[in-house]
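In case you want the letters, here they are:
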Amino acid sequence: MFTKIDINKFALFDNFIWQKEVKDTTFKKVNIIYGRNYSGKTTLSRIFRCVEKKALNKHYPEANFSLHLKDNRTLSHNMLNSTPEDINVRVYNSDFVKDNLSWLQNSDGTIQPFTLLGQINVEIEKQIQEIDSTLGNESESQGLLFKLKEKQDKYNQQNIFTQSKTKEFEKKLQSKAKEISSKAATYNQPKYSITHIRRDIHEASGAEILSDELIEEKNKILKEEPKQDISKLTEKKPNFSDLAEKSNRLLIKEIKPSQPITDLINDSLLQEWVRQGINHHKEKRVNCGFCGNPIPGDLWEKIDAHFNKESEDLRKEINTQIEALKRSKEGISNYLKLKKDLFYLDLHTRLEGYLSSWELLKSTYLGNLDKLVLALDEREKDIFTQKPELNIEDVSEQIVDLFKEINGLIETHNSKTATLGKEQTEARRVLLLSDIAKFLDDIDYQQKVKEIKELEAEVSKLLKDKNDTQESINKLTKDKRSLEAQANDESKGAELVNQHLVRFFGHDALKLIAEGEGPVSKFKIMRDGEIAHHLSEGECSLIAFCYFIAKIEDELNSNKLIIYIDDPISSLDSNHVFFVFSLIDSIIAKPKKYIQLFISTHNLDFLKYIKRITVPTEEINRSKEVAHFLIERQQKQNGTRSLLTKMPDHIKNYSTEFNYLFDQIYTIYNCTQRKKGNIENIYANTYTQLYNLPNNLRKFLECYLFFKFPNNESPLDNLEKLFDGNDFSFINRVVNENSHLTQLDRGLKPMDISEVERCVELVIDKIKEVDLEQYDALVASVK
């Protein structure tokens, strides 16, 4: 017996959890379900029909639900094909009608036949026994069924082994895909999966496996960030030739003193010493700063005659040239200040080569300048002695050529910024394919694929062999069923439907007949001896439900059925609604030959009847055997969903809302009577009733007055006919003021309980006075 149901997803039901929505109530022996049209009643019945058919409804392949049984077992949506043998469900709903009585919707359709047990033909029985012998038995290790089990076992064993090898192989692929996915910095593929690696394997099979050096080079490209453009070098040739030419001219220039001092001419060091001493003595000392002797008066004339203007001019030219050479040295030393980190990593090797060449050329160039400076310095110290002309190699052309090559590198760098993204994408792809190619080599991929294909081929062979045997069994089983169908008397099924139509509904004009002789294949509906066309919806409902009852009657004797009946009274009038109830109560409920019964309806009249259905227990214990539920549509954020809840008391306990309203009023009336007897806690658990009472009283009076004085669109206009002036005004004010909040100050005041009590007493006492019989009946209905 089912106790609960959880529906994660099935049509309108979405995330329905029994413990959350229904809580402590469970399904019982008899389950009565009420819900309006389109609330989800048929949807719920379809879940039980899935259990009956041992398969999901084709329109809801994503269905997800669990049925809980009394013995703590659970039957889920993914277990239907292995439903336990002791769970036998039979469902009547619109799907049952479509599957078995297509003629009701389509005149070209048929009504599926069913049989009651009849006499078995001896010859047919012999043929059935021969088929049984061929089929054999697993437990006795003989026949096709035993061979099928052997082949099934062999297939299962091989299939499990193949699947384990395939999973082991797949696991390696998944592991590699996960590894690639985790290396986001390298491959930038955080969602890389086994699907992607399967896609890349074909390309990777022919890819090069990169060396460590190449991998490092590609990784360097990936680490690159876009860099600023670098300005080109000026490709201007250094002016070394001019400097050398001018320097040589000064070295070889010939000059002589006007009146030379022989000692100075012969000793250049002495001459330089004297020249430097002039600045320290002339017009500053009268005595020699070195020896202390007086300086002769004609000494300065002799020295000035020796160091004449021509020599001083040459000295100035030499010093100017030396400064020019020094500036050239400084310029060439500071000319090239390129740093490696300004360039992309893959250009560093070339840049390092160029910088090394530059250092060599710069060193040569500076050395040549130093030679010129040294020679000029010597001439300046020995101004009257000509120096030999220097023959120095000029590397200016080589420097210009080097600058051109460096500028080419700079152009490459500057253009690389625009193509960096593409190069990095290509580098990632090359690294990925290399990684996969190495992985394929490591696991011997091609050999593994070959082995798995061979295993799968063997599985396919065993499956075909098993299926061939299964087809033979299916054919024999089909033949057996055909023979069994011939041995049964299907016309008795049609007769039983007709009996129900006549007995419970008085319909002798409509009849179901078995068409054909011997083993028949369909039923037809006849009206007064002619095939019936254009049946009303009510007639369709009657025939369909009688057909269902007749179809399960044989099975009822087994006392093993769980029966679900969904809204069997569609389009029936009130008389036929009662007859449907009588049919259920007589054939199913009273004999008590069922495990569990579910009945759902949208019809309040039918609900009124099925609440009185016979249960397999004493009336005083009825609540232990009967559960009441309500199906309704609940609004949610993205639409609506169906919800199964406990049936509210006013639906469960009362035949009409009129009875329910009287119960609410009568409860307060009883409290006022007890209050007069000084009984404490009069209003325990009744405050909500007090608060709602004016509105309930208004609705009750509207209904009561309408049936008593059915001559006015507004029943409360007849209130004066029942009450005199003062009572009328008082009741009219209480039910109107307390039923609405049109006066805002009214909502700020507590309810006057004494007014409500008096109003209730006036109404109840008046009904007792003018209509005692109805009053007694109402009291009886709520007790």
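Residues numbered from 1 in each chain as written. Predicted model: local features only at pLDDT ≥ 70, side-chain atom pairs only at ≥ 80, totals over all residues. Heavy atoms only, no water.

Student: Describe the packing of aromatic side chains, naming the residues involved and giving the relevant values.
Tutor: Under the criterion given, the structure shown has 33 aromatic pairs. Centroid distance F2 to F48: 5.6 Å. Interplanar angle 80°. Geometry classified as edge-to-face. In this pair, F2 sits in strand β1 (residues 2-10) while F48 sits in helix α2 (residues 41-53), placing the two residues 46 residues apart along the sequence. Neither residue differs from the other here; F2 and F48 are each classed as buried. Clustering of aromatic rings is evident, with ring pairs tying together F2, W18, F27, F48, Y564, F598 and F629. One Lys or Arg, K29, reaches over the ring of Y594 and ends 5.0 Å from the middle of that ring. In this structure, K608 packs its charged tip against the face of Y609, placed 5.4 Å from the ring centre. (Phe/Tyr/Trp six-rings, centres within 6.5 Å; stacked < 30°, edge-to-face > 60°. Helix = DSSP H or I, 4+ residues; strand = E, 2+ residues; numbered from the N terminus. Buried < 20%, exposed > 50% of the residue type's maximum accessible area, 1.4 Å probe, protein only. Lys NZ or Arg CZ within 6 Å of the ring centre and 35° of its normal.)

Student: Please give an account of the pairing of strand β2 (residues 13-16) that cites residues and values.
Tutor: In the sheet, β1 pairs with β2 via three bridges, with the strands oriented antiparallel. Bridge pairing in β2 links I7 to F16. The antiparallel pairing of β1 with β2 creates a hairpin that spans two residues between the two strands, and A11 there sits at a positive phi of about 50°. (Pairing = 2+ DSSP bridges.)

Student: Requested: an account of the confidence of the model for the chain, with residues and values cited.
Tutor: Detailed reading of predicted coordinates is not advised where the pLDDT is low. When pLDDT is averaged along the chain, the result is 82, and 85% of the positions lie at 70 or above. Confidence over residues 115-121 falls short of pLDDT 50; this stretch has 18 contacts with residues more than four positions distant or in other chains. (pLDDT = per-residue confidence, 0-100. Contact = heavy atoms within 4.5 Å.)

Student: Lay out the side chain of D585 with the relevant residues and their values.
Tutor: For D585, the position within the fold is in helix α19 (residues 574-589). By relative accessible area, D585 is classed as buried at 8%. Beyond its immediate sequence surroundings of up to four residues, D585 is in contact with K590, P591, I613 and T614.

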